[in-house]
Amino acid sequence: TSYGTLRNDLALFIRPVFDYIILDEAHMIKNPLSVTTKSINLLRGKSKLAISGTPIQNNLMELWSLFNFLSPGYLGSYDSFRESFVNRIEIEKNNDVVKSLKKMIDPFLLKRSKEVISDELPPKTEQILRSSFGEDEKIVYNNWKDFYSSEITRCIKEKGLNRSRLKILEGITKLRQASLHPKMI
């Protein structure tokens, strides 16, 4: 099921004890305080597996959240993990604590780099599809293109490139909308 369906139909999912609970894209439960994570943690299963290409994106509490699902209490409570590991690693930069945490979690991690699995991957496939505007669409697009070209040029002259980034993003967004369909503007 999807994470959204699980949240919406939680009452149906918390009744049974599953043989296996496998979380694909497990980084979806990286925030231990989110409704999704709290819902997932209510599930009961004999065996659990979490699959994620990015188990940690921002901070170590994301790792704790995954392990709390897989084996509640293994890395301690939320507060004790924050005190024992997060603060000492992220703030104090204590390498001994890094090694200690690594020693605890390494037996449970399978990490395969692109170099290791590159032979197993199919060749990259690229497909370029071109479509052209109708006459009315072309007029609308070109009007917006000309407008933003002059607006961005003026903005860069007045404020410099760095302070014009928002105007550039605005122009790209507007042109993307116009290229999809003029009525999106």
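Before reading further, recall that the structure is shown in the block above.
Residues numbered from 1 in each chain as written. Predicted model: local features only at pLDDT ≥ 70, side-chain atom pairs only at ≥ 80, totals over all residues. Heavy atoms only, no water.

## What about unusual backbone geometry?
Then, in step 1: Residue Glu25 is not a glycine yet carries a positive backbone phi of 55 degrees.
Then, in step 2: For Lys93, which is not glycine, the phi dihedral falls at a positive 55 degrees.
Then, in step 3: Summarising the element assignment, Lys93 is placed in the loop between α5 (78-91) and α6 (95-105).
Then, in step 4: Classification of Lys93 by relative accessible area gives exposed; the value is 59%. (Helix = DSSP H or I, 4+ residues; strand = E, 2+ residues; numbered from the N terminus. Buried < 20%, exposed > 50% of the residue type's maximum accessible area, 1.4 Å probe, protein only.)

## Quick notes on the packing of α5 against α6
Then, in step 1: Here α5 crosses α6 at 125 degrees, and the two axes come no closer than 9 Å. As the angle between them shows, α5 and α6 are arranged oblique. Of the two elements, α5 crosses α6, and the hand of that crossing is left-handed. Contacts between α5 and α6 involve Phe81, Ser84, Phe85, Arg88 and Ile89 on the former and, on the latter, Val97, Val98, Ser100, Leu101 and Met104.
Then, in step 2: Split into classes, the residues belonging to the contact of α5 with α6 amount to seven nonpolar, two polar and one charged. (Axes fitted to C-alpha atoms, helices over the stretch in contact; angles between N-to-C directions. Parallel < 35°, antiparallel > 145°, perpendicular 65-115°, else oblique. Left-handed = near helix turned anticlockwise from the far one by under 90°. Contact = heavy atoms within 4.5 Å. Nonpolar A, V, L, I, M, F, W, Y, C, P; charged D, E, K, R; others polar.)

## Looking at the pattern of salt bridges
Then, in step 1: As enumerated under the stated definition, the model contains seven salt bridges in all.
Then, in step 2: With its nearest N and O atoms 3.6 Å apart, the salt bridge here joins Glu126 to Lys124. The pair Glu126 / Lys124 is uniform in exposure class, with both members exposed.
Then, in step 3: The salt bridge involving Glu151 is made with Lys167; its shortest N-O contact spans 3.7 Å. (Salt bridge = Lys/Arg side-chain N within 4 Å of Asp/Glu carboxyl O.)

## Quick word on a nonpolar patch on the surface
Then, in step 1: Taken together, the side chains of Tyr20, Ile22, Leu49 and Ile51 make up a nonpolar region of the molecular surface, amounting to roughly 430 Å² of accessible area.
Then, in step 2: Turning to its location among the elements, Leu49 is positioned in strand β2 (residues 44-50). (Patch = residues over 30% accessible without salt bridge, like charges linked within 9 Å, V, L, I, M, F, W, Y side chains within 5 Å. Areas by Shrake-Rupley, 256 points an atom, 1.4 Å probe, with all protein chains shown as cover.)

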